[in-house]
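Given next are the chains, with one letter for each unit.
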Amino acid sequence: MKLKIKLKVGRNIRKRTRKVIMVNVEKFVEEAIQEIKEKVGEGKAIIALSGGVDSSVCTVLAYKAIGERLIPVFVDTGLMREGEPERVREIFGKMNLVFVDAKDEFFKALEGIIDPEEKRKVVGELFVRIFERVAEEHKADYLIQGTIYPDIIESQGGIKSHHNVGGFPLHYTFQDVIEPLRELYKDEVREVARYLGLPDEISERMPFPGPGLAVRIVGEVTPEKVEVVRRATKIVEDELKDYPKWQAFAALIGKATGVKGDIRVYGYIIAIRAVESRDGMTADPIQIDYEKLRKMALRITGEIPEVARVVYDITPKPPATIEYE
Ligand code: XMP
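Residues numbered from 1 in each chain as written. Predicted model: local features only at pLDDT ≥ 70, side-chain atom pairs only at ≥ 80, totals over all residues. Heavy atoms only, no water.

Looking at this structure, how should I read the overall build of the protein chain?
Broken down by element type, the protein chain carries 10 helices and 11 strands. For the protein chain, buried positions account for 55% of its 325 residues. Restricting to contacts in the protein chain with at least 6 residues of sequence separation, those with at least 24 account for 77%. As displayed, the protein chain has an accessible area near 15100 Å², and 52% of this comes from carbon and sulfur atoms. (Helix = DSSP H or I, 4+ residues; strand = E, 2+ residues; numbered from the N terminus. Buried < 20%, exposed > 50% of the residue type's maximum accessible area, 1.4 Å probe, protein only. Contact = heavy atoms within 4.5 Å. Areas by Shrake-Rupley, 256 points an atom, 1.4 Å probe, with all protein chains shown as cover.)

Right, dumping it as structure tokens:
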């Protein structure tokens, strides 16, 4: 396996403004397939497949480019939403899908870490080490990633290390990292997804950060907190499914005193985050009727015994970011 040292992933992009829209989906798809073909040559590539729209689009493009020489890798970090690993298996199981159960590894690596950027770096680093392991087993020299333009801009701007850019280690053993979507915004990726015939549940899927639920837990990540935020997320997603939005989710932001059945409890605080946005660079909380908010608070505290309090986050981006870390 060759050792190559690169300084920055996702650097070779043209600076673009929001006005420049992908001119033609068909042409984009053709060129992306061609780029992958040229870069991978007769080699093999692995692709980081999470089941989100970006990595799914990349997987289909790469499959069209190099067929069976593509090895999609799904890493079960233990930080995914409910049912996600199972759905990926169902949708992409016909490809050479490699499924890595890395739950214990991620929880161990995250032990004691409270700094948000360090958390992102730890997750990014572990992801790449796992991909390298799989690549070595399968003799693949290339890594394909679904990095999109805003990931690169936010990481370069020092706002946060998006998992597949700033959170990506500087040293890796791949011959090259290929990022076919590096010049696209999310709405353009969705357009490509529809063009490629991916199911709606993927093309219209809400964005989900690479480090997963880890960045929706303020402070140390533990399996218990992940389970709590996963269950709360399911309730928020269910209740807000008919609301137009960019994203709606739950985050675990601390602890507070409460009373359940006459007994004092010291439980978790869940924040509901639901925003509208065009490209994730700015965002506004959506208006949710009071009865709906109340219902979510009662369901979350009622169905999840560890939760003592629910709040609705009404901060736009800026000054807040969409995710908590
Ligand atoms: P923030 O929190 O920076 O998020 O306002 C903007 C958008 O990006 C998503 N996000 C990520 N996506 N890897 C990703 O692929 C990441 O590390 C990551 N962090 C945030 C976030 O969900 C929102 O839609």
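Right, picking up where we left off after that structure.
What's the story with the pairing of strand E4 (residues 98-101) in this structure? I'm lost.
Burial along E4 is one-sided: Val98 and Val100 are buried, while Phe99 and Asp101, pointing the other way, are not. Inspection of the sheet shows strand E3 (residues 70-76) paired to E4 by four bridges, in the parallel sense. Note that in E4 the partner of Val75 across the bridge is Val100. Assessed by its sense of winding, the connection that carries the chain from E3 through helix H3 (residues 84-92) to E4 is right-handed. (Pairing = 2+ DSSP bridges. Right-handed = clockwise from strand over helix to strand, strands pointing away.)

Help me understand the sheet that holds strand E5 (residues 142-144) in this model?
Pairing between sheet strands relies on hydrogen bonds along the backbone, with the strands arranged either parallel or antiparallel. Read from one edge to the other, the open sheet built from five strands follows the order E4-E3-E2-E5-E7, with strand pairing classed as parallel. Unpaired on one side and paired on the other, E4 and strand E7 (176-178) mark the two borders of the sheet. Averaged over all neighbouring strand pairs, the angle between strand axes comes to 25°, with direction disregarded. (Axes fitted to C-alpha atoms, helices over the stretch in contact; angles between N-to-C directions.)

Looking at this structure, how should I read helix H9 (residues 223-239)?
Note on helix geometry: an α-helix contains 3.6 residues per turn, so any two residues three or four positions apart are oriented the same way. The end-to-end C-alpha distance of H9 is 25 Å, a good match for the 24 Å that 17 residues give at a rise of 1.5 Å each. Of the residues making up H9, those classed as buried are Lys225, Val226, Val228, Val229, Arg230, Ala232, Thr233, Ile235, Val236 and Glu239. On its buried face, H9 is in contact with helix H4 (103-110), strand E8 (247-260), strand E9 (263-276), helix H10 (290-303) and strand E11 (307-312). (Expected span 1.5 Å × (residues − 1).)

Before we go on, may I ask you to explain the pattern of salt bridges in this structure?
Working definition: two side chains of opposite charge can pair if their charged atoms are close together. Within the structure shown, the criterion is met by 24 salt bridges. Taking the shortest distance from any N to any O, the salt bridge between Arg81 and Glu237 comes out at 3.2 Å. Taken together, the residues span a long stretch of sequence, with Arg81 in the loop between E3 and H3 and Glu237 in helix H9 at a distance of 156 residues. Given a relative accessible area of 9%, Arg81 falls into the buried group. (Salt bridge = Lys/Arg side-chain N within 4 Å of Asp/Glu carboxyl O.)

For this particular structure, what's the right way to read the packing of helix H1 (residues 25-40) against helix H7 (residues 186-195)?
In contact at an axis separation of 10 Å, H1 and H7 are set at 85° when each is read in the N-to-C sense. Classified by the angle their axes make, H1 and H7 are roughly perpendicular. Across from Val25, Glu26, Phe28 and Val29 in H1, the residues of H7 making contact are Glu191, Val192 and Tyr195. For the contact of H1 with H7, the class distribution of residues is five nonpolar, no polar and two charged. (Parallel < 35°, antiparallel > 145°, perpendicular 65-115°, else oblique. Nonpolar A, V, L, I, M, F, W, Y, C, P; charged D, E, K, R; others polar.)

Which parts of the structure should I look at to understand the nonpolar core?
What tends to happen in soluble globular proteins is that the nonpolar side chains get buried as a cluster. The biggest cluster of nonpolar side chains holds 52 residues, and the ones touching the most others in it are Ile46, Val73, Phe106, Phe131 and Ile300. Element by element, the count of residues in this core is highest for helix H5 (residues 116-138), at eight residues. Judged by nonpolar contacts, the second largest core, of 37 residues, contains Phe28, Ile33, Phe74 and Ile202. (Core = buried A, V, L, I, M, F, W, Y, C linked by side-chain atoms within 4.5 Å.)

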